[in-house]
Amino acid sequence: MICFKCQSEIPDESIFCPKCGNKIMEGATGETANNFKPKRKGRKVIVIILAVLICIALLAGVGVLVAKQMELTRKVEQFQELLETQQYASALEYYEEYKSEPDFTEKADKDVIERYEKASEDKDEKLEVALFNSGILPQDYVAELEKAIKTEIDEKKERFLKEGGTFKDFKNEVKKYLEYNNKTITDLTDAANKEMSTLIQSRAAYQRAEESKGKKEYYDALVNYSKVAETDSKYSDAQSKMEEITPLYKEEVMGKVEKIIKDKDYDQAVKEIETLKKYCADSDVESRLKEIKEQKAAYDEEQKQIKMQQFKDSQEVEVISAEAINEGYYLRIMKAQIVLKNNSDKVAKDVRVSILCYDDNGYPVRVGYSFLGDHENLAYANYTTCNIQPGGTYGSEWVVDIPDQCRKVKACVKSVTYVNGLVWQNPYYDYWLEENYAAY
């Protein structure tokens, strides 16, 4: 046998090559031993082929990874370019398209966060708002900004209430928050504006009240203390001070009212007491108000009667008699005979007279339009071209139609037109009508 390794001759009975020590295949002799070499070489080729295939697969995998990485880089760079050029709407659309790819969102989020934080650090509010409104920031950043703005708004409110300032100034300070496209922030800003509008007015009212109290102008102090809002920290103090000065205001008003009543100015007295009642509605005030109103009613009636008598006594043309007469024989045909007297120094040409009609019991009789009436039991009569001379009378031969149910009448001159064209309106007429139309 020949050793396939060192090509030395090996005795047939040997198992190992005497020269190289290579083990000969058991039972192999002659040709069999020589055939062993080709088989080992075939295995080596297979191994090499497999190794090559593995390398090719690895290279292919690496190629895919490289391609994916290049595609990711391209997407991120495209996204960054949209941000750089401030095309935030397009950037958001681009982000939405690829947000399902974790590698992309990780890099995109990181880039947006870095830009946002840098804008915030550099006080670049325009860029900060734009990046926030892009809708790409992670939710925890949105929540953090909402919290931060709430804190800022609360601090501004405290500062304004402490240092003073107008609502317009406050509104201008917080209007920048409305640039954020965020409902929570918008609601916070709107609520702050509404609250501060109330609180600033409340605090100004409190300040005015304090000044008025110092000057002992109790009414003005009460008015302004009452305007302090319940949400204002000064509310309890304002209520306490109202309780403190209310008795002083009551004493002031009561003394003032007594002086006013002496001058018979009951309207002003009632007004003063009713104003006091808004802040002090105790039994003393209620009782005094009732007394003054009764005094006022009596005084008003007295003045009315005086004025009415003055008008009655100064009528230029007056009714001196008014009678309901029956001109029928078998049927009742009622007429009113009204006699007038001219007390003026002018000739009365046209006189308008109103007639009130009553039944046997003195109750009103409805007149109706057929008798030129339009006021329940009120009828009209026009004495045209009567030409009553100064001091003269007219009507004893002249009658006016009235309803047949009528038994009694009252009459009053409403107006007179004189020959010279002047017109006189009877100032007593409205008093007469109010006093007489309901019953005889």
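Residues numbered from 1 in each chain as written. Predicted model: local features only at pLDDT ≥ 70, side-chain atom pairs only at ≥ 80, totals over all residues. Heavy atoms only, no water.

Comments concerning the overall build of the protein chain
Thinking step 1. When you go through the protein chain residue by residue, the secondary structure sums to twelve helices and nine strands.
Thinking step 2. By the burial criterion, 35% of the 440 residues in the protein chain qualify as buried.
Thinking step 3. By sequence separation, contacts in the protein chain at least 24 residues apart represent 60% of the contacts at least 6 residues apart.
Thinking step 4. When the accessible surface of the protein chain is summed, it comes to about 27500 Å², and 51% of that surface belongs to carbon and sulfur atoms. (Helix = DSSP H or I, 4+ residues; strand = E, 2+ residues; numbered from the N terminus. Buried < 20%, exposed > 50% of the residue type's maximum accessible area, 1.4 Å probe, protein only. Contact = heavy atoms within 4.5 Å. Areas by Shrake-Rupley, 256 points an atom, 1.4 Å probe, with all protein chains shown as cover.)

Side note on the environment of Ala381
Thinking step 1. Of note, Ala381 is situated in strand 5 (residues 378-383).
Thinking step 2. Along the backbone, Ala381 and Val353 are 28 residues apart, and their C-alpha atoms lie at a distance of 5.1 Å.
Thinking step 3. Setting aside anything within four residues of it in sequence, one finds Ala381 in contact with Val351, Arg352, Val353, Ile355 and Val400.

Some details on the confidence of the model for the protein chain
Parts of the model with low pLDDT should not have their predicted coordinates read in detail.
Thinking step 1. Summary statistics for the protein chain give a mean pLDDT of 84 and a share of 83% for residues scoring 70 or more.
Thinking step 2. Summarising per-element confidence for the protein chain, the mean pLDDT is lowest in strand 4 (residues 373-375) (60) and highest in strand 9 (residues 423-425) (97).
Thinking step 3. Contacts for the low-pLDDT stretch residues 31-38, under 50 throughout, to residues beyond four places or in other chains number eight contacts. (pLDDT = per-residue confidence, 0-100.)

Quick look at the environment of Leu92
Thinking step 1. Checked against the element boundaries, Leu92 lands in helix 2 (residues 88-98).
Thinking step 2. The spacing of Leu92 and Ser134 is 42 residues in sequence and 6.2 Å in space, taken between C-alpha atoms.
Thinking step 3. For Leu92, the contacting residues outside a window of four places in its chain are Ser134, Gly135 and Ile136.

Focus on the pattern of salt bridges
Thinking step 1. One pass over the full model with this rule turns up 25 salt bridges.
Thinking step 2. Between Glu125 and Lys176 there is a salt bridge, and its shortest N-O distance comes to 3.9 Å. You can see Glu125 sitting in helix 4 (residues 125-133) and its partner Lys176 sitting in the loop between helix 6 (167-174) and helix 7 (183-214), a full 51 residues away along the chain.
Thinking step 3. Since its relative accessible area comes to 46%, Glu125 is described here as partly exposed.
Thinking step 4. On the accessibility criterion, Lys176 (30% relative accessible area) is partly exposed.
Thinking step 5. In this structure, Glu210 engages Lys241 in a salt bridge whose closest nitrogen and oxygen atoms are separated by 2.9 Å. (Salt bridge = Lys/Arg side-chain N within 4 Å of Asp/Glu carboxyl O.)

Describing unusual backbone geometry
Thinking step 1. With a phi angle near 50 degrees, Thr385 is a residue other than glycine that sits in the positive phi range.
Thinking step 2. Of note, Thr385 is situated in the loop between strand 5 and strand 6 (393-394).
Thinking step 3. The backbone of Asn387 shows a phi angle near 50 degrees, a positive value even though the residue is not glycine.
Thinking step 4. Mapped onto the secondary structure, Asn387 falls in the loop between strand 5 and strand 6.
Thinking step 5. Of the residues examined, Asn387 reaches a relative accessible area of 38% and is grouped as partly exposed.

Observations concerning the nonpolar core
Nonpolar side chains in soluble globular proteins tend to end up buried together.
Thinking step 1. By size, the foremost hydrophobic cluster in this structure holds 34 residues, and its most contacted members are Phe132 and Tyr180.
Thinking step 2. Mapped by element, the contributors of at least two residues to this core are helix 1 (30-84), helix 2, helix 3 (102-121), helix 4, helix 5 (139-163), helix 6 and helix 7.
Thinking step 3. Top contributing element to this core by residue count: helix 5, with seven residues.
Thinking step 4. By size, the runner-up hydrophobic cluster in this structure holds 28 residues, among which are Val319, Ile355, Ala379 and Val400. (Core = buried A, V, L, I, M, F, W, Y, C linked by side-chain atoms within 4.5 Å.)

A word on a negative patch on the surface
Thinking step 1. Where like charges cluster on the molecular surface, the negative patch consists of Glu114, Glu117, Glu121, Asp140 and Glu144.
Thinking step 2. Where the negative patch is concerned, the elements lending two or more residues are helix 3 and helix 5.
Thinking step 3. Looking at the negative patch, the element that brings in the most residues is helix 3, giving three residues.
Thinking step 4. Topologically, Glu144 is positioned in helix 5. (Patch = residues over 30% accessible without salt bridge, like charges linked within 9 Å, V, L, I, M, F, W, Y side chains within 5 Å. Lys, Arg positive; Asp, Glu negative; His and termini not counted. Charge placed at Lys NZ, Arg CZ, Asp CG, Glu CD.)

Remarks on a nonpolar patch on the surface
Thinking step 1. Residues Tyr329, Tyr330, Leu331 and Ile333 make up a contiguous nonpolar surface patch of roughly 640 Å² in combined accessible area.
Thinking step 2. Tracing the chain through its elements places Leu331 in the loop between strand 1 (317-326) and strand 2 (334-342).

A short note on the side chain of Asn426
Thinking step 1. Inspection of the secondary structure puts Asn426 in the loop between strand 9 and helix 12 (429-436).
Thinking step 2. Residue Asn426 is classed as buried on the basis of its relative accessible area, which comes to 6%.
Thinking step 3. Of the polar contacts made by the side chain of Asn426, one reaches the backbone nitrogen of Tyr428; its length is 3.0 Å.
Thinking step 4. Among all residues touching Asn426, those that are not within four sequence positions of it are Gln315, Cys412, Val413 and Lys414. (Polar contact = N/O pair within 3.5 Å; in protein donor to acceptor, adjacent residues only side chain to side chain.)

So, helix 10 (residues 266-277)
Thinking step 1. With twelve residues, helix 10 extends 16 Å from end C-alpha to end C-alpha; this agrees with the ideal 16 Å at 1.5 Å per step.
Thinking step 2. Elements in contact with the buried residues of helix 10: helix 8 (218-225), helix 9 (235-262) and helix 11 (283-313). (Expected span 1.5 Å × (residues − 1).)

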